[in-house]
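Secondary and tertiary structure notes
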Amino acid sequence: MKHLDEFRDPKLARRLVDEIRRTVSQPRVLMEVCGGQTHSLLRHGIATELNEVVELIHGPGCPVCVTPAEAIDFAQQLALEPNVVLASFGDMLRVPGTSRSLLDVRSRGGHVKIVYSPLDAVDLARHHPDQHVVVFAVGFETTAPTTALAVLQAATLGLKNFSLLVAHVRVLPAMEALMQSPGCRVEGFLAAGHVCTVTGFDEYESFVQRHKTPVAVTGFEPLDLLNGIRECVNQLEANQCEVTNRYARSVRQEGNASAQEIVSQVYEIADTPWRGLGVILKGGYRLHGEFEAFDAALRFETILRRVDDRSNMLTVDEQGSQTGCPAGVCPSDDCRSGEVLRGLIKPVECAAFGTRCTPDSPLGAPMVSAEGACAAYFKYQRTI
Amino acid sequence: MRELIEGTILPRFGHDSELRAPPDAAVLPQVTGNLAFTTDSFVVSPLFFPGGDIGRLAVFGTVNDLAVAGALPLWISLSLIIEEGLPIPVLEHILESAAAAAQEAGAQIVAGDTKVVPAETADGLFVTTSGIGRVLPPPPLGPETLHVGDELIVSGPIGRHGIAILVAREQLGLNPPPETDCACLLDPVQQLRDAELLFGGRCVVRAMRDATRGGVTAVLHEWAQACGQTLSVRESDIPTTPDIRGAAELLGLDPLQIACEGTMLVAVKSGTGKAAVRALRNSSTSRDAAIIGEVKKRGLAPVSIQRALGTEQPLDELSGAMLPRIC
C-alpha cells in the first residue's frame with residue numbers, strides 16, 4: 001500500500017502536470033496501450049488536466065474487448081453442453097458475443113464457473129472426473145503464462161477432462177497494426193507495464209526505430225502515467241525516439257524469463273483475429289502440436305463448426321448494414337466499438353454512448369469491461 | 001428433528017427465555033413507545049470467515065438495522081434452513097456465536113424455526129433473523145430531511161466485510177487474511193445519542209444507515225434520491241485499511257462499493273460533523289470515524305466523488321455482481 005500512496009501524491013502529480021504543460025511546444029498525440037491505464041488516466045483526472053497539450057488515444061489493451069465474438073459464442077455453446085464446465089475470468093461474463101453474454105447463458109442453465117486463476121480450473125477438473133473443464137484462455141502476455149502453466153499441470157496429472165479455448169493475444173503486433181493503419185495519428189506510446197513485466201522490452205527497439213515513435217514502458221498509478229507521458233513528450237520535443245523504462249520497480253529489460261519459458265513451451269505464435277481490429281499477423285498464441293489434446297477447438301470441433309456457421313450467417317447480415325464496423329465485429333448497428341478500439345474515435349463521439357449503450361445494457365464490449373474505454377468514459381467522464 | 005431442536009438448539013438460547021419449553025409463539029410483554037421491526041436473511045458462503053461467522057452476522061445484521069433506526073433491540077427470532085450433511089459441531093459453533101452476539105446486543109432470541117433440506121439444495125446453512133426493538137426518542141429525522149451543507153460521516157474503515165468474504169471464499173491466500181468489520185452498532189449510536197444531549201436535546205443526526213449490500217455508494221444513492229440533492233464525498237478523506245485497499249486494488253474492486261457489516265454512514269446538520277465524529281470515536285467500534293463529504297445542491301450526478309487531484313466525478317452504484325478483473 002505504501003507504493004500506492006507514494007504514486008498517487010497529488011502535489012507531485014500537479015508538479016508533473018505543470019512540467020508537461022511547460023515542455024509541450026505543440027499539441028502531442030500519445031496512445032496508452034492498456035485499458036487499465038485508460039481507466040487510471042480518467043479516474044484520476046489526468047486526461048482532463050492535460051487537455052489541449054496532450055491528446056491521449058486509448059489503445060486496444062482491453063483483453064475482453066478484443067476477444068472475438070465468435071470465441072465468446074463458442075464458449076457459450078460449450079457451457080451449454082452436458083457435462084462441460086466453462087471456467088472463465090469474471091470480466092468475460094458480461095461481454096456480448098454475437099447475440100448474448102456468458103451471463104445470459106449461465107442464467108439459462110449454462111455451466112459457467114468464475115475462476116481467479118486457471119490453476120483453480122485444473123483443481124476443478126481433478127475433483128470432477130465426470131465433468132470436462134474448459135478454460136476460456138483470454139488476455140495478453142500477462143495471463144498467457146498462467147494458462148500455459150495450467151496446461152503443463154494438467155499434462156503432468158494426466159488429466160483427460162481438461163482443455164483450453166485459446167484466445168490469447170499479443171500486444172506488440174497490435175501496436176504494429178495500428179501504426180500501419182491509415183489515419184493513425186499516434187506520435188508516441190505508453191507501453192503496458194504489466195505486459196512488459198513478463199515480456200521485457202527488448203522487442204520494442206526495432207518498433208521504435210522503424211516508426212520513429214518513442215515508447216515509454218509505463219505503470220498504472222497517476223505518477224507512473226505522468227512520468228511516461230513526460231518521457232514521451234520530452235523525446236518528441238527533442239526529436240528523439242527510444243524505448244525507456246518508466247516502470248522500473250516492476251519491469252526489467254529481459255522480463256520474466258521463467259514465465260516466457262513456460263509460454264514458449266506450451267504456445268506458438270499465430271495470426272489471430274481481434275475483435276474490432278481483424279486478423280493481426282502474429283497477434284496471438286495457439287497451443288503447440290504436442291498439447292493438442294488440450295485444445296478445446298479440436299476436441300469440440302463439431303460444436304465449433306456449428307457456431308462458426310451461425311456466426312458467418314450473422315456476419316453476412318451485418319455486412320449489408322451501415323455500421324462502419326468491420327463485419328461481424330459489433331453486435332449492434334448503433335455500436336462504434338470497432339472504431340473506439342482502433343483509437344479512431346473517443347467513446348463520447350458514438351451516438352449510442354450513455355443513452356442506448358450503458359454498462360447496464362451494453363451494445364459493445366468496451367462498455368462492459370473494467371478495462372474498456374467506453375466504460376471508463378461512462379464512469380469518470382460524464383458531466384457532473 | 002425434536003432431538004436436534006431440544007438437544008442442540010434450545011439449550012443455547014435457553015437462559016431465562018421463553019424458548020426453554022417450545023410453544024408455538026413467544027408472548028412478549030407490553031412496551032411503552034413505538035416499536036421497530038425488521039427482518040433479514042443470510043446466505044453467506046463460507047459459513048466461517050476471518051472475524052466472524054454466519055451466526056454472529058445474522059444477529060448483528062438485524063440488530064444494526066434496528067440500531068440505525070434509533071431503536072434498542074429487545075427480541076429476535078432465528079430461523080435455520082440446514083442442508084442435510086451439515087456437521088452438528090459446525091451448527092453448534094454457529095448457534096453459540098449467535099447466542100453470544102444476542103447477549104452482547106442485549107437482545108433475547110425468543111422464537112425460531114428449523115428446516116432441513118436435502119443435500120445440494122442449499123449452501124450449508126441459511127439463517128433468517130427478525131428483530132423487534134423499542135424506538136428511543138428522538139429517532140433520526142430521515143434522509144429526506146438532508147439539506148445542502150449537511151455533513152456525511154462514515155463510522156470506520158470501509159469495505160472490510162465484502163473483501164474478507166471474497167478472499168475467504170475464493171481462497172486467495174492473502175496473509176494475514178483480511179477481517180470482516182462484523183460488529184454491533186448499538187454503542188456508536190448510543191455515543192451519538194449521548195452527544196445529542198450536549199446539544200440541548202436537539203437532534204443533529206439526520207440519517208443513519210449501516211452500509212451493507214452495495215457498500216457506502218449504495219447508501220449515498222438512496223439518500224440522494226430521498227433528498228433530491230447531490231451527495232459528494234472526498235476520496236482522500238474516506239477511511240480504509242491498507243490490507244483492504246491492497247486486496248481491492250488487486251481484485252479491481254472499489255472499496256466504496258463493497259459491503260460492510262459493522263460500519264455505518266451518518267448524516268448530520270451542517271457544522272456539527274466534528275462533534276459527531278468526536279462522539280463516535282468514544283466507541284471502539286467507531287474509533288476511526290471520519291467526515292467524508294457533504295450534501296451539495298443537486299447537480300447532474302446524484303452522487304459525486306472528488307479525486308485526489310481535484311477532479312469531481314460521478315460515483316455510480318455497482319451494477320451486477322462483483323466481477324474481478326483479469327489483469
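All values derive from a computational prediction rather than experimental measurement. (Residues numbered from 1 in each chain as written. Chains lettered and ligands numbered in written order. Predicted model: local features only at pLDDT ≥ 70, side-chain atom pairs only at ≥ 80, totals over all residues. Heavy atoms only, no water.)

A few words on the nonpolar core. Residues Leu78(A), Phe136(A), Leu165(A), Phe189(A) and Tyr204(A) are the most contacted members of the largest nonpolar core, which totals 65 residues. Phe136(A) has contacts with Thr67(A), Ala71(A), Ile72(A), Ala75(A), Leu86(A), Ala87(A), Ser88(A), Met92(A), Leu102(A), Leu165(A) and Ala167(A), leaving out every residue within four places of it along the chain. (Core = buried A, V, L, I, M, F, W, Y, C linked by side-chain atoms within 4.5 Å. Buried < 20%, exposed > 50% of the residue type's maximum accessible area, 1.4 Å probe, protein only. Contact = heavy atoms within 4.5 Å.)

The partner chain A presents 36 residues to the 26 residues of chain B that form the contact. For the chain B and chain A pair, buried surface summed over both sides reaches about 2900 Å², with 60% attributable to carbon and sulfur atoms. If you look at where chain B meets chain A, you find two salt bridges. As a salt-bridge pair, Arg8(A) and Glu249(B) come within 2.8 Å of each other at their nearest N and O atoms. The interface formed by chain B and chain A holds six residue pairs in polar contact (both at pLDDT 80 or more) in total. Looking at the side of chain B that touches chain A, the elements that each hand over two or more residues are helix H7 (242-251) and strand E13 (312-314) of chain B. (Buried area = accessible area lost by both parts, 1.4 Å probe. Salt bridge = Lys/Arg side-chain N within 4 Å of Asp/Glu carboxyl O. Polar contact = N/O pair within 3.5 Å; in protein donor to acceptor, adjacent residues only side chain to side chain. Helix = DSSP H or I, 4+ residues; strand = E, 2+ residues; numbered from the N terminus.)

Residues and elements named next belong to chain A. Counted according to the given criterion, the structure contains six aromatic pairs over all chains. Between Phe 189 and Phe 207, the ring centres sit 5.5 Å apart and the planes meet at 65 degrees, which makes this aromatic pair edge-to-face. Highlighted residues: Phe 189 in strand E7 (residues 188-192) and Phe 207 in helix H12 (residues 204-211), separated in sequence by 18 residues. For Phe 207, a relative accessible area of 0% translates into the label buried. Judged by centre distance (6.3 Å) and plane angle (65 degrees), the rings of Phe 353 and Phe 378 are edge-to-face. On the criterion of sequence distance, the pair formed by Phe 353 in the loop between helix H17 (337-341) and helix H18 (373-380) and Phe 378 in helix H18 is long-range, its members being 25 residues apart. For the pair formed by Phe 353 and Phe 378, the shared burial category is buried. The ring of Phe 7 has Arg 249 lying over it, and the distance from NZ or CZ to the ring centre is 3.6 Å. (Phe/Tyr/Trp six-rings, centres within 6.5 Å; stacked < 30°, edge-to-face > 60°. Lys NZ or Arg CZ within 6 Å of the ring centre and 35° of its normal.)

In this section: the sheet that holds strand E4 (residues 112-114) of chain A. Residues and elements named next belong to chain A. Here we have four strands laid out as an open sheet, ordered E4-E3-E5-E6, and parallel in their pairing. The open sheet has two edge strands with one neighbour each: E4 and strand E6 (162-168). With strand direction ignored, the average angle separating the axes of adjacent strands in the sheet is 25 degrees. In terms of strand pairing, strand E5 (residues 132-139) meets E6 through seven bridges, oriented parallel. Counted as the bridge partner of Val 134 is Ser 163 from E6. Packed on one face of the sheet, helix H8 (residues 118-127) meets strand E3 (84-88), E4, E5 and E6 and runs near 175 degrees to E5. (Pairing = 2+ DSSP bridges. Axes fitted to C-alpha atoms, helices over the stretch in contact; angles between N-to-C directions.)

Time to look at unusual backbone geometry. In the segment running from Ser45(B) into Pro46(B), the intervening peptide bond is cis, with an omega of 5 degrees. Counting through the fold element by element, Pro46(B) comes out in the loop between strand E1 (35-42) and strand E2 (48-49). Cis rather than trans, the peptide bond between Asn175(B) and Pro176(B) has omega equal to 0 degrees. Considering the arrangement of structural elements, one finds Pro176(B) in the loop between helix H4 (160-169) and helix H5 (186-198). If you check the backbone angles, Glu52(A) has positive phi at about 85 degrees while not being a glycine. Assignment of secondary structure puts Glu52(A) in the loop between helix H4 (46-49) and strand E2 (54-61). For Glu120(B), which is not glycine, the phi torsion reads 70 degrees and is therefore positive.

Moving on, we come to the domain arrangement of chain A. Residues and elements named next belong to chain A. Here chain A is described as being made up of domain 1 (2-63 + 182-245), domain 2 (68-168 + 285-308) and domain 3 (331-379). For domain 2 and domain 3, the distance between their C-alpha centroids amounts to 26 Å. Each partner contributes to the interface: domain 2 provides six residues, whereas domain 3 provides 10 residues. Between domain 2 and domain 3 lies a buried interface of about 530 Å² when both sides are counted; carbon and sulfur atoms form 56% of it. It is Asp 91, Arg 94 and Pro 96 that lose the most area in domain 2 upon contact with domain 3, and together they represent 75% of the buried surface on that side. At the junction of domain 2 and domain 3, the tally comes to zero salt bridges. The interface formed by domain 2 and domain 3 holds one residue pair in polar contact (both at pLDDT 80 or more) in total. Across the side of domain 2 that touches domain 3, the residue classes break down as two nonpolar, two polar and two charged. (Domains from an automatic or database assignment. Nonpolar A, V, L, I, M, F, W, Y, C, P; charged D, E, K, R; others polar.)

Quick look at the domain arrangement of chain B now. Residue and element names in this part refer to chain B. As far as domains go, chain B holds domain 1 (2-135) and domain 2 (143-314). Centre-to-centre, using C-alpha coordinates, domain 1 lies 27 Å away from domain 2. On the side of domain 2, 21 residues touch domain 1, which itself brings 22 residues to the contact. Summed over the three residues of domain 1 that lose the most area to domain 2, namely Pro 50, Asn 64 and Val 68, the buried surface amounts to 35% of that side. Here domain 1 and domain 2 share zero salt bridges between them. Inspection of the region where domain 1 meets domain 2 yields six residue pairs in polar contact (both at pLDDT 80 or more). Those elements that place two or more of their residues in the side of domain 1 that touches domain 2 are helix H2 (54-68) and strand E4 (71-83). Broken down by class, the residue content of the side of domain 1 that touches domain 2 amounts to 13 nonpolar, six polar and three charged.

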